[in-house]
Amino acid sequence: MKLTFGDKLQFSKIALQKNGGPLLIVMVFIVLGAVVVYLGIRYQVTFMVVFGSLFAGIPVLGMLFTMPSSLLYYYEQAQTKKYGANTTATIIAKEAKDVSYVTGKGKNKSKAEEFQYFLTYSFEHHGKWYENTFLVASKNCFDVLTIDSSIPIQFLRTNPKQSSVRRRKLSNEIKLPFKDCQ
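Criteria and cut-off values
As a convention, each chain's residues are numbered from 1 in the sequence order in which they are written. The predicted nature of this model means local features are confined to residues of pLDDT at least 70 and side-chain atom pairs, given and counted, to a pLDDT of 80 or more, with totals for whole chains, interfaces and linings taken over all residues. To get the side-chain values, take all heavy atoms of the structure and skip hydrogens and water. Runs of H or I in DSSP of at least four residues are treated as helices and runs of E of at least two as strands, each being numbered from the N terminus. We take the radius of gyration over the C-alpha atoms and set the globule estimate at 2.2 Å times the residue count to the 0.38 power. Only protein chains enter the accessibility calculation, which uses a 1.4 Å probe; a residue whose area is less than 20% of its type maximum is buried, one above 50% is exposed, and one in between is partly exposed. Residue-level accessible areas treat just the shown protein chains as cover; the underlying method is Shrake-Rupley with a 1.4 Å probe. Only four residue types enter the charge count, namely Lys and Arg as positive and Asp and Glu as negative; His and the chain termini do not. Positions of charges follow a simple convention, taking NZ of Lys, CZ of Arg, CG of Asp or CD of Glu. Multiply 1.5 Å by the residue count of a helix minus one, and that product is the helix's expected span. This arc is taken over the directions from the axis of the helix to the C-beta atoms. We call two residues in contact whenever any of their non-hydrogen atoms come within 4.5 Å of each other. Polar contact is defined as a pair of N or O atoms within 3.5 Å, subject to the rule that within protein one atom must be able to donate a hydrogen and the other to accept it, and that residues adjacent in sequence are counted only when both atoms are side-chain atoms. The term salt bridge refers to a side-chain nitrogen of Lys or Arg lying within 4 Å of a carboxyl oxygen of Asp or Glu. Only buried residues count toward a nonpolar core, which is a set of Ala, Val, Leu, Ile, Met, Phe, Trp, Tyr and Cys residues joined through side-chain atoms within 4.5 Å.

Draft legend 1. Region of interest: the overall build of the protein. On a plain count of helices and strands, the protein comes out with five helices and seven strands. Start at the N end of the protein and walk to the C end: the helices and strands fall as α-α-α-β-β-β-β-β-α-β-β-α. Taken against the 2.2 N^0.38 rule, which gives 16 Å for 182 residues, the C-alpha radius of gyration of the protein at 22 Å runs more than 25% over that of a compact globule. Along the first, second and third principal axes, the C-alpha atoms of the protein reach 70 × 60 × 25 Å. Across the 182 residues that make up the protein, the buried fraction comes to 30%. By element, 60% of the accessible surface of the protein is carried by carbon and sulfur atoms, the whole surface being about 12200 Å². With 23 positive and 12 negative side-chain charges, the protein shows a spacing of 9 Å between the two charge centroids.

Written out as structure tokens, the structure is:
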């Protein structure tokens with residue numbers, strides 16, 4: 001499928017908007033680091049030049065390593081939303097990962113329980129089976145969806161590996177608030 005320049009621009013804009021918060025935070029570090037570097041050069045203070053460079057450089061490097069995958073994810077989601085085909089998939093696996101952690105020290109030590117709920121689904125397109133995994137925010141949604149449950153999905157006909165769950169439709173079908181299925 002050939003995408004028009006307008007579509008590519010629109011999908012890129014959506015991906016940038018979804019990553020706006022982290023990009024804005026990194027911009028603050030860049031600006032502050034640049035100011036410190038400028039002042040260091042102006043007043044000939046080597047420490048300020050080094051500190052300002054590191055203050056701006058480390059977040060930029062972090063962004064360069066993490067941002068491409070996030071931008072690509074949201075770009076593909078926008079592409080799937082516009083050009084995707086709707087179908088149903090079947091849940092084939094469920095997994096709840098315990099990501100609990102301990103906060104505080106000594107007597108103030110407490111355990112914060114936190115879980116991530118992963119569901120894996122499969123669907124058929126032109127005689128070939130595809131699988132994908134998605135995350136739900138709440139235990140309510142995780143408990144309602146059982147193995148062999150049907151869920152609404154959207155996928156690209158030209159690249160069926162690229163699929164996403166239609167969460168609003170899913171929440172309506174299982175009669176849970178939308179926030180539980182995000």
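Draft legend 2. The arrangement of helix α1 (residues 5-18) in detail. Here α1 spans 20 Å end to end across 14 residues, near enough to the 20 Å set by a 1.5 Å rise per residue. Of all the residues in α1, the buried ones are D7, F11 and A15. Considered in projection along α1, the buried side chains sweep an arc of 70 degrees and stay on one side of the axis. In α1, the exposed residues that point more than 90 degrees away from the buried face are F5, L9, K13 and Q17. As for α1, its buried residues are in contact with α3 (46-83).

Draft legend 3. Structural view of the environment of Q77. Within the secondary structure, Q77 is located in helix α3. For the pair Q77 and K18, spaced 59 residues apart in sequence, the C-alpha separation works out to 11 Å. Excluding anything up to four places from it in sequence, Q77 contacts S163 and S164. A polar side-chain atom of Q77 sits 3.4 Å from a polar atom in the side chain of S164.

Draft legend 4. Just the pattern of salt bridges, in detail. Scanning the model with the defined rule gives four salt bridges in all. Here K169 and E173 are joined by a salt bridge, their closest N and O atoms 3.6 Å apart. Pair noted here: K169 and E173 are both in helix α5 (residues 167-173), with a separation of four residues, about one helical turn. With a relative accessible area of 42%, E173 lands in the partly exposed category.

Draft legend 5. Up close: the nonpolar core. Formed by 21 residues in total, the largest nonpolar core has its most connected members in Y121, F134, L145 and I151. Among the elements of the structure, β1 (84-98), β4 (115-125), β5 (128-136), α4 (139-144) and β6 (150-156) are those that each provide at least two residues to this core. With four residues, the single largest contributor to this core is β4.

Nothing here speaks to function; it is geometry throughout.
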